[in-house]
Amino acid sequence: MIIGLRIDVDTYRGTRYGVPNLRNVLAEHAIRASFFFSVGPDNMGRHLWRLLRPEFLLKMLRTKATSLYGWDILLKGTFWPGPVIGERLGPIIRSVSDAGHECGLHAWDHHAWQAHIDTMDPDDIHQSLRRGMKMLTGILGHPPSCSAVPGWKCNDLVLMENEKFPFHYNSDCRGNGIFYPVVKKRKLSVPQIPVTLPTYDEIIGHRGISDKNYNDYMLSIVKPDQLNVLTIHAEVEGISCLSMFDRFLEMAREKGISFVPLGELLPESSKTGPAILVPKEIRGRHGWVSCQEKFPDGGS
Ligand SMILES: [Zn+2]
């Protein structure tokens, strides 16, 4: 059994502390994965406070958000401008690439993308991707080969802008199989590798799932006859849940599960069918996320 392992890095704190922690843990287990970096200003505090409404407060309590994310993340960019992550922490990002992991773009400004994607025009989207690509290319010494939008907030405009960059694939949605996205009846050239498994914050505290049985639950939904793609967060599994994640890797190894960077899941392109993206609400996550939906007549 194989799991494509993806690590999203959303914040300065996640990059500064979570990324080196995960790089070390993955080295101990001899695992290579895909890291997706946010490299522009860290305004995530603004994002989290913007969501202060009853159901989000409940989620904060359920997941113990301050211990999960840290007060500095909750406040970052709220009262003072957020630091530009790539300018301060380039060597940490570079060390991940040097260790043999796949490195992709997550965001220029993670907060701005999540807050404004619904009103961003093609030029706004292009500029955001371009700024992130420029920063990450400078850090890595070569362009990243893949990307994953923040919060699975993708749309047809994003898919069309993705094509203008040298990506081998994008991972912008939730779904169940690798596919070529179809926009305006045209099958695009860059495949999507969807995330198939839920994230920690989506399921913890629901249906009797706690830190005690979380790893067992996750391993129970990994199946041999399906695409398995897991997203973890540098801010969560890399810091507050680090020892639990270390144990997860150990338990997975005992079950004969191996982990690969997402790029290694890419099949022969002839085997990859078309699909479209639709916004949907999913359990445990606020607002819409892009989901893979079967393309009715096989595409063009
Ligand atoms: Zn993210």
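Residues numbered from 1 in each chain as written. Predicted model: local features only at pLDDT ≥ 70, side-chain atom pairs only at ≥ 80, totals over all residues. Heavy atoms only, no water.

## Some details on the coordination of the zinc ion
Now for step 1: Distances from the zinc ion to its protein donors, Asp-10 (OD), His-106 (NE2) and His-110 (NE2), fall at 2.1 to 2.2 Å.
Now for step 2: Sequence spacing among the residues donating to the zinc ion works out to D-x95-H-x3-H. Taken as a pair, Asp-10 in the loop between β1 (2-9) and α1 (12-28) and His-110 in helix α7 (residues 110-116) lie far apart in primary sequence, 100 residues in all. In this pair, the class of Asp-10 matches that of His-110, namely buried. (Donors = N, O, S within 2.8 Å, 3.2 Å for Na, K, Ca; no water. Helix = DSSP H or I, 4+ residues; strand = E, 2+ residues; numbered from the N terminus. Buried < 20%, exposed > 50% of the residue type's maximum accessible area, 1.4 Å probe, protein only.)

## As for the sheet that holds strand β6 (residues 179-183)
Now for step 1: Taken in spatial order, the four strands of this open sheet run β7-β6-β10-β11, and their pairing is mixed. At either end of the open sheet lies a strand with only one pairing partner, and these are β7 (186-187) and β11 (288-294).
Now for step 2: As defined by bridge partners, strand β10 (residues 273-281) adjoins β11 across seven bridges and the pair is classed as antiparallel. By the bridge assignment for β11, Val-278 is matched with Cys-291. (Pairing = 2+ DSSP bridges.)

## So, empty space enclosed by the protein
By rolling a water-sized probe across the atoms, one finds the places where empty space is left.
Now for step 1: For the structure on display, the rule yields four cavities of 30 Å³ or more.
Now for step 2: Volume-wise, the largest cavity comes out at about 70 Å³.
Now for step 3: Lining the largest cavity are Tyr-200, Tyr-214, Asn-215, Met-218, Leu-230, Ile-232, Glu-237, Met-244, Phe-245 and Phe-248.
Now for step 4: For the lining of the largest cavity, the secondary-structure elements that each account for two or more residues are α11 (214-220), β8 (229-233) and α13 (242-254).
Now for step 5: By residue class, the composition of the lining of the largest cavity is eight nonpolar, one polar and one charged. (1 Å grid on protein atoms, 1.4 Å probe; cavity = no way out; pocket = protein on both sides within 12 Å on 5 of 7 lines; lining within 4 Å. Points joined across faces, edges and corners; volume = space filled by probe spheres on them. Nonpolar A, V, L, I, M, F, W, Y, C, P; charged D, E, K, R; others polar.)

## Quick word on the pattern of salt bridges
Now for step 1: Tallied over the entire structure, the rule returns ten salt bridges.
Now for step 2: The residue Glu-293 makes a salt bridge to Lys-280 at a minimum N-O spacing of 3.1 Å. Taken together, the residues span a long stretch of sequence, with Glu-293 in strand β11 and Lys-280 in strand β10 at a distance of 13 residues.
Now for step 3: Residue classification places Lys-280 among the partly exposed residues on the basis of a relative accessible area of 36%.
Now for step 4: Beyond isolated ion pairs, a larger network of salt bridges with shared partners links Arg-174, Asp-201, Glu-202 and Arg-285. (Salt bridge = Lys/Arg side-chain N within 4 Å of Asp/Glu carboxyl O.)

## So, the environment of Val-195
Now for step 1: As for its position among the elements, Val-195 is in the loop between β7 and α10 (200-203).
Now for step 2: Placed 35 residues apart in sequence, Val-195 and Leu-230 show a C-alpha to C-alpha distance of 6.2 Å.
Now for step 3: Those residues in contact with Val-195 that sit more than four places away from it in its chain are Arg-6, Trp-152, Ser-171, Cys-173, Arg-174, Gly-175, Val-229 and Thr-231. (Contact = heavy atoms within 4.5 Å.)

## Considerations on unusual backbone geometry
Now for step 1: Unlike most non-glycine residues, Ala-30 shows phi in positive territory, near 55 degrees.
Now for step 2: Tracing the backbone shows Ala-30 in the loop between α1 and β2 (34-38).
Now for step 3: For Ala-30, a relative accessible area of 71% translates into the label exposed.
Now for step 4: If you check the backbone angles, Arg-207 has positive phi at about 50 degrees while not being a glycine.
Now for step 5: When its relative accessible area of 70% is taken as the criterion, Arg-207 is described as exposed.

## As for the pairing of β11
Now for step 1: Across the seven residues that make up β11, a large majority, five, are buried.
Now for step 2: Counted along the chain from β10 to the antiparallel partner β11, the turn is six residues long, and its residue Gly-284 has a positive phi close to 85 degrees.

## Some remarks on the packing of aromatic side chains
Now for step 1: Summed over the entire model, instances satisfying the criterion amount to five aromatic pairs.
Now for step 2: An aromatic cluster of at least three residues, connected via ring pairs, comprises Phe-245, Phe-248 and Phe-259.
Now for step 3: Over the ring of Phe-36 we find Arg-6; its NZ or CZ atom is 5.4 Å from the centre of that ring.
Now for step 4: Positioned over the ring face of Trp-288 is Lys-153, at 4.2 Å from the centre of the ring. (Phe/Tyr/Trp six-rings, centres within 6.5 Å; stacked < 30°, edge-to-face > 60°. Lys NZ or Arg CZ within 6 Å of the ring centre and 35° of its normal.)

## Topic: the packing of α1 against α13
Now for step 1: Running from N to C, α1 and α13 point in directions that differ by 25 degrees, and their axes come no closer than 11 Å. Classified by the angle between their axes, α1 and α13 sit roughly parallel to one another. Here the hand of the crossing between α1 and α13 comes out right-handed. Taken together, the residues of α13 that come into contact with α1 (itself represented by Asn-21, Leu-22, Val-25 and Leu-26) are Leu-242, Phe-245, Asp-246 and Leu-249. (Axes fitted to C-alpha atoms, helices over the stretch in contact; angles between N-to-C directions. Parallel < 35°, antiparallel > 145°, perpendicular 65-115°, else oblique. Left-handed = near helix turned anticlockwise from the far one by under 90°.)

## Re helix α8 (residues 122-140)
Now for step 1: For α8, which comprises 19 residues, the first-to-last C-alpha distance of 26 Å matches the rise-based estimate of 27 Å (1.5 Å per residue) to within 8%.
Now for step 2: In this structure, the buried residues of α8 make contact with β2, α6 (85-98), β3 (102-107), α7 and α9 (156-162).
Now for step 3: For α8, the N-terminal capping position is held by Asp-121, with its side-chain oxygen 3.0 Å away from the main-chain nitrogen of Asp-123.
Now for step 4: Directly beyond the C-terminal end of α8, a positive phi value near 85 degrees is found at Gly-141. (Expected span 1.5 Å × (residues − 1). Polar contact = N/O pair within 3.5 Å; in protein donor to acceptor, adjacent residues only side chain to side chain.)

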